[in-house]
Amino acid sequence: MTSRGLLAVAATGVLALAACSESGGKQAEQDAGAKTERMTVAMVTHSGPGDTFWDIVQKGAQAAAAKSNVDFQYSADPDGGKQAQLVQAAIDKKVDGIIVTFAKPDALKDVVARATAAKIPVVSINSGADVSAGFGAVAHFGQDETIAGEAAGRELAKIGSKRALCVIHEQGNVGLEDRCAGAKKTFGGELENLFVQGTNMPQVKSSITAKLQADKDVDGILTLGAPFAATAVDSVKETSSKAKVATFDMNKDLVASIKAGTIHFAVDQQPYLQGYGAVDQLWLLKNNGNAVGGGRPVLTGPAIVTKDNAAAIEQFAVKGTR
C-alpha cells in the first residue's frame with residue numbers, strides 16, 4: 001500500500017473511533033468521550049472575516065468537541081503576526097492542545113516552539129503540511145496544495161479553457177500560491193495569477209471585472225475559495241465574458257451553482273473533516289497516547305465536485321458541513 005493510502009486508512013481509523021457505529025454509537029461516545037476529564041482546545045487560524053470555509057471547519061471541530069467533553073475555543077486573524085499573538089494567548093491560558101494553520105509559517109514558527117516547550121501539543125490543519133512536523137506539530141490534517149492545484153489544472157483543461165486567471169485572495173499565503181503553481185503545471189494553457197484583497201469583496205469584483213474588460217481572451221477563472229467564485233460569476237455576467245468559473249472549496253450555495261452550470265467544478269478539501277480530525281487527534285493523544293500519520297500529513301482532499309456528482313453531497317452542503 002502506498003504511503004498516501006496508509007494515511008487515508010489512518011484518517012478513517014480516527015473517524016471510526018470518533019463517530020462510533022450507529023448501532024452502539026451513542027453509548028460508546030458517552031463511555032469514551034463525555035466521561036473523560038474535561039480538556040480545552042484552542043484553534044487559531046488565518047481566516048479573514050466572512051470566509052465561509054472556516055465556518056465548516058469549526059462545525060467539524062465543534063462536533064468532535066461536543067462528544068468528547070472538550071471546551072473548544074476559536075480565534076483567527078489573517079495577519080501572521082497577530083495570529084501568532086493569538087497562539088501565545090492560548091499558551092498563556094494553559095490550554096490542553098492547540099490547532100493552528102501555517103499559511104504564513106515564518107510568523108508562527110517561534111510561537112509554536114514555545115507551545116511545544118510548554119508541553120502543549122500542537123496539531124496543524126489546512127496549510128503548512130510541509131513544515132508541520134518540523135515545527136513540532138504531532139499531526140497535520142489537510143490536502144497537499146500542489147497536488148490539489150495539479151488536479152484543478154487538469155480540470156480546467158477538460159472544460160476547454162486555454163487562457164485562465166488564478167485568483168489569489170491573500171498575498172503571502174503559501175498554500176494559495178502552491179495551488180496556482182500546481183495548476184500551472186498541468187493546465188497546458190496560459191495561467192496568470194491575479195492578486196485581490198479577499199477581505200474586501202467589492203475590490204475583488206472590481207479587480208476581476210477590470211481584468212476581464214482588459215483581456216477578452218481570458219476564458220477561465222480559478223478562484224481559491226467559494227465566496228470568490230460567486231463574485232467571479234458576477235464579473236463574467238457584467239462583462240459578457242466567455243470565461244468559465246471554477247473554484248477551490250465548497251459552501252451550500254456553490255452546489256446549486258455547480259448543478260446549474262454557472263460554476264464548472266470545485267476542488268473540495270473537506271474542511272469539516274479537518275476540524276473534526278484535529279480535535280479528535282488531541283483527545284486521542286491525551287487519553288490514549290495516539291498520533292496518526294506517522295509524521296506525514298493525513299490527506300483530506302482533493303475531491304473534485306462537478307455537475308455529475310454534486311447532487312450526492314448536496315444534503316451535506318445544505319447542512320453546512322461540506
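In what follows, the accompanying structure is described. Because the structure is predicted, anything quoted here is derived from the model rather than measured.

## What to know about the overall build of the protein chain
Then comes step 1: The secondary structure content of the protein chain amounts to twelve helices and twelve strands.
Then comes step 2: Going through the 322 residues of the protein chain one by one, you find that 52% of them count as buried.
Then comes step 3: Sequence separation of at least 24 residues holds for 74% of the intrachain contacts in the protein chain that already meet a minimum separation of 6.
Then comes step 4: If you sum the accessible surface of the protein chain, you get close to 13700 Å²; carbon and sulfur atoms cover 50% of it.

## Quick look at the nonpolar core
Then comes step 1: Of all hydrophobic cores here, the largest spans 27 residues; its most connected members are I208, I221, V245 and L254.
Then comes step 2: Elements represented by at least two residues in this core include exactly strand 6 (163–168), helix 8 (201–214), helix 9 (226–239), helix 10 (252–260), strand 10 (263–268) and helix 12 (310–318).
Then comes step 3: Considering each element in turn, this core owes the most residues, six residues, to helix 9.
Then comes step 4: Leaving out residues up to four positions away in the same chain, L254 has contacts with A226, A229, T247, D249, I263 and A266.
Then comes step 5: Judged by nonpolar contacts, the second largest core, of 24 residues, contains V41, A64, A65 and V279.

## Considerations on the sheet that holds strand 9 (residues 244–248)
Then comes step 1: What the six strands build is an open sheet, ordered 7-6-8-9-10-12; its pairing is mixed. The sheet is open, and its two borders are formed by strand 7 (190–195) and strand 12 (303–306), each paired with just one other strand. Neighbour-to-neighbour, the strand axes of the sheet open up by a mean angle of 20°, direction not taken into account.
Then comes step 2: Here strand 10 pairs with strand 12 via four bridges, running antiparallel. Residue A266 lies in a different strand from strand 12, and its bridge partner there is V305.
Then comes step 3: Of the strands in this sheet, strand 9, strand 10 and strand 12 are in contact with helix 10, which crosses strand 10 at around 135°.

## Description of the layout of surface pockets
Then comes step 1: A volume near 460 Å³ is recorded for the largest pocket.
Then comes step 2: Lining the largest pocket we find 32 residues, and of these D51, H169, E170, G198 and F228 sit closest to its centre.
Then comes step 3: For the lining of the largest pocket, the secondary structure elements donating two or more residues are helix 3 (52–67), helix 7 (174–187) and helix 9.
Then comes step 4: With three residues, helix 7 is the single largest residue contributor to the lining of the largest pocket.
Then comes step 5: Here the residues of the lining of the largest pocket sort into eleven nonpolar, 15 polar and six charged.
Then comes step 6: Looking at the second largest pocket, its volume works out to about 200 Å³.

## Some remarks on the sheet that holds strand 3 (residues 97–100)
Then comes step 1: Reading across the sheet, the six strands line up as 2-1-3-4-5-11 and stay open at both edges, with parallel pairing between neighbours. On the outer flanks of this sheet lie strand 2 (70–76) and strand 11 (298–299), each paired with one strand and no other.
Then comes step 2: As defined by bridge partners, strand 5 (residues 139–142) adjoins strand 11 across two bridges and the pair is classed as parallel. Within strand 11, the residue paired with G142 across the bridge is L299.

## Let's talk about the side chain of Q269
Then comes step 1: Of note, Q269 is situated in the loop between strand 10 and helix 11 (271–288).
Then comes step 2: Accessibility expressed as a relative area gives 0% for Q269, which makes it buried.
Then comes step 3: Polar contacts involving the side chain of Q269 include one to the side chain of N126, which spans 3.2 Å.
Then comes step 4: In this structure the side chain of Q269 is engaged in a polar contact, spanning 3.1 Å, whose partner is the side chain of D249.

## Some details on the state of the cysteines
Then comes step 1: Evaluated as defined, the whole model comprises one disulfide.
Then comes step 2: Here C166 connects covalently by a disulfide to C180, the sulfurs 2.0 Å from one another. On the S-S bond that ties C166 to C180, the torsion sits near -85°, and the link is left-handed. Of the two residues, C166 is situated in strand 6 and C180 in helix 7; the sequence distance between them amounts to 14 residues. Accessibility classification places C166 together with C180 in one group, the buried group.

What counts, and at which threshold
- Residues numbered from 1 in each chain as written.
- Predicted model: local features only at pLDDT ≥ 70, side-chain atom pairs only at ≥ 80, totals over all residues.
- Heavy atoms only, no water.
- Helix = DSSP H or I, 4+ residues; strand = E, 2+ residues; numbered from the N terminus.
- Buried < 20%, exposed > 50% of the residue type's maximum accessible area, 1.4 Å probe, protein only.
- Contact = heavy atoms within 4.5 Å.
- Areas by Shrake-Rupley, 256 points an atom, 1.4 Å probe, with all protein chains shown as cover.
- Core = buried A, V, L, I, M, F, W, Y, C linked by side-chain atoms within 4.5 Å.
- Pairing = 2+ DSSP bridges.
- Axes fitted to C-alpha atoms, helices over the stretch in contact; angles between N-to-C directions.
- 1 Å grid on protein atoms, 1.4 Å probe; cavity = no way out; pocket = protein on both sides within 12 Å on 5 of 7 lines; lining within 4 Å.
- Points joined across faces, edges and corners; volume = space filled by probe spheres on them.
- Nonpolar A, V, L, I, M, F, W, Y, C, P; charged D, E, K, R; others polar.
- Polar contact = N/O pair within 3.5 Å; in protein donor to acceptor, adjacent residues only side chain to side chain.
- Disulfide = S-S within 2.5 Å.

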